[in-house]
Amino acid sequence: MELSYSSLLVALVFFVLISLQILFYKHRSLFSGTNLPPGTIGFPIMGETFQFLSAGWKGQPQSFVLDRMNKFSADCFKTSILGAPMAVFCGPAGNKFLFSNEDKLVKAWWPDSTKKVFASTVDQVTEAKRMRKLIPQFLKTEALVNYVGIMDSIAQRHLDIDWKSKDQVTVYPLVERYTFWVACRLFVSMEDLNHINRLAGPFRHLASGVFSVPINLPGTPYNRGIKASALIREELITIVKQRKRDLTENKCLQVGGKDILTHMLTAADDDGQYMGEFEIADKIMGLLVGGHDTASTAITNIVKFLAEYPNALELVCKGKSKPKGERLKWDDVQKMKYSWNVACEVMRIAPPLQGAFREAIHDFNYAGFKVPKGWKLYWNANTTHLDPKYFPEPEKFNPSRFEGKGPEPFTYVPFGGGPRMCPGKEYARLEILVFMHNLLTRFKWEKLIPKEKIVSNPMPIPENGLPVRLFAI
């Protein structure tokens, strides 16, 4: 019996060793080939995912990329993130190459974690093309002009409800409420604040799950994200069904007649097919995440930097185009040039979107290296935002960088660039400036944690959500 147990143990150890050897071999084979970009690939499955994520958790998200640029190549290096062989493109030339070769050499790619969170997403390329056709018409100047009054009204009501008569607040969760409220109102014409607040909680878990390590165990961000997506999808399908009934009863002009939801229900694709309720719910869910997450991050960090740089705060206040209580109009927002310079400088130092992924659809050469078909590709804003060649003294907060002609092309990329510029850039600009104006006409503030650092998980936000002491004006 003792011999049998010993034999079983030896066989088990042998099996584990062989399995590990096969795993390492397969991992290495993904990176086989001549003249590949230099770099390291880490361990099987995880690769360098932990190092990539932990840099952000420590408040130094740029270190993962910048360290490897210095060690391997300032143009392009290889790594392995989220289980995929990956080439990281660096500098303005790398940004321009990826932005300009969409659907030629590269295509959109998202980690597998998105497929369970957004269950209707099958063909990422088709999805990306469809959304690029759908969104711009809702972000044209004519539409944005009408959004200013709605955003202004929501900002004033939000400050009355969540900030007024408070001595202390934590900025980030409150700003999330404002941006989510705006997104719900403009995308699906949702007016009931109680309904909006019920959805807001699950959306926080959803956003964390999308960008998490895809480990589906109870309590993990990924698991919470999947559960949140199911809950939100069910709620949104109910809204979609009600809107369909409104459309059949000709109530569309009274109930969000021109919003994105109505358009999704009434617009056919090139083959004459209409989206189903499940698919529409997923699309709206994605838009609501994108429509409030990055803006919440940017606004919170703007509040932080204005507390730290009183000279910038003074200049922003001088540039206010309307006194307290008066309604903002489109022309008023266009006058807030210095305020937008401040916002741009904050997004240079702490870009809400650190970077994005692509996939090579053909073998191609770049910077003297071969990038194989199927490899995942990544660009990161910090490769230019923190480079003194493009931004002298990059660690210094200096909004004047954005006066005149501003930065060189493809060096400032919080919204992407070229043909792949984020269609929501102007929407985000309005949302940020409207909130800044309303906050500055009603409050002054000071940080309660003087040296609170910014950490990325995945968005770069103050570690404790930015608690501040308020002083009503």
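Here goes a summary of the coordinates provided. (Residues numbered from 1 in each chain as written. Predicted model: local features only at pLDDT ≥ 70, side-chain atom pairs only at ≥ 80, totals over all residues. Heavy atoms only, no water.)

With that settled, consider the sheet that holds strand 4 (residues 168-170). Strand order in this open sheet of three strands is 4-12-9, and the pairing throughout is antiparallel. Across the chains shown, the open sheet's two edge strands, defined by having one partner strand only, are strand 4 and strand 9 (443-447). Here the average twist between neighbouring strands, direction ignored, is 35°. Strands in contact with helix 17 (residues 425-442) are strand 9 and strand 12 (467-472); relative to strand 9, the strand with the most contacts, it is inclined by about 95°. (Pairing = 2+ DSSP bridges. Helix = DSSP H or I, 4+ residues; strand = E, 2+ residues; numbered from the N terminus. Axes fitted to C-alpha atoms, helices over the stretch in contact; angles between N-to-C directions. Contact = heavy atoms within 4.5 Å.)

Together, Ile45, Met46, Phe50 and Trp57 make up a nonpolar patch on the protein surface, roughly 430 Å² of accessible area in all. Residue placement: Ile45 occurs in the loop between helix 1 (2-29) and helix 2 (49-57). Among the residues examined, Ile45 registers a relative accessible area of 59% and is labelled exposed. (Patch = residues over 30% accessible without salt bridge, like charges linked within 9 Å, V, L, I, M, F, W, Y side chains within 5 Å. Areas by Shrake-Rupley, 256 points an atom, 1.4 Å probe, with all protein chains shown as cover. Salt bridge = Lys/Arg side-chain N within 4 Å of Asp/Glu carboxyl O. Buried < 20%, exposed > 50% of the residue type's maximum accessible area, 1.4 Å probe, protein only.)

Here we take up the pattern of salt bridges. The final tally for this structure, using the stated rule, is 19 salt bridges. Glu48 is paired through a salt bridge with Arg68; the nearest N and O atoms lie 3.1 Å apart. Of this pair, Glu48 sits in the loop between helix 1 and helix 2 while Arg68 is found in helix 3 (residues 62-71), placing the two residues 20 residues apart along the sequence. With respect to class, Glu48 is no different from Arg68; both count as buried. Across the pair Glu176 and Arg204 runs a salt bridge, and its minimum N-O distance is 3.1 Å. Taken as a pair, Glu176 in helix 8 (residues 171-188) and Arg204 in helix 9 (residues 193-210) lie far apart in primary sequence, 28 residues in all. By sharing partners, the salt bridges in this structure join Lys304, Glu308 and Lys447 into a single network.

A full pass over the atoms with the stated rule returns 21 aromatic pairs. Plain terms: the ring middles of Phe89 and Tyr366 are 4.7 Å apart, the flat faces sit at 40° to each other, and that makes the pair tilted. Residue Phe89 is found in strand 2 (residues 84-89), and its partner Tyr366 is found in strand 6 (residues 364-366); the two are separated by 277 residues along the sequence. Residue Phe89 is classed as buried on the basis of its relative accessible area, which comes to 0%. With a relative accessible area of 10%, Tyr366 lands in the buried category. Residues Trp109 and Phe357 carry aromatic rings whose centres are separated by 5.4 Å and whose planes lie at 90° to one another, so their mutual orientation is edge-to-face. Of this pair, Trp109 sits in the loop between strand 3 (106-108) and helix 5 (113-117) while Phe357 sits in strand 5 (residues 355-360); the two residues are 248 residues apart in sequence, bridging distant segments of the chain. Across this residue pair, the class does not change: Trp109 and Phe357 are buried. Through a chain of ring-to-ring contacts, three or more aromatic side chains come together here, namely Phe52, Phe64, Trp109, Phe357 and Tyr378. (Phe/Tyr/Trp six-rings, centres within 6.5 Å; stacked < 30°, edge-to-face > 60°.)

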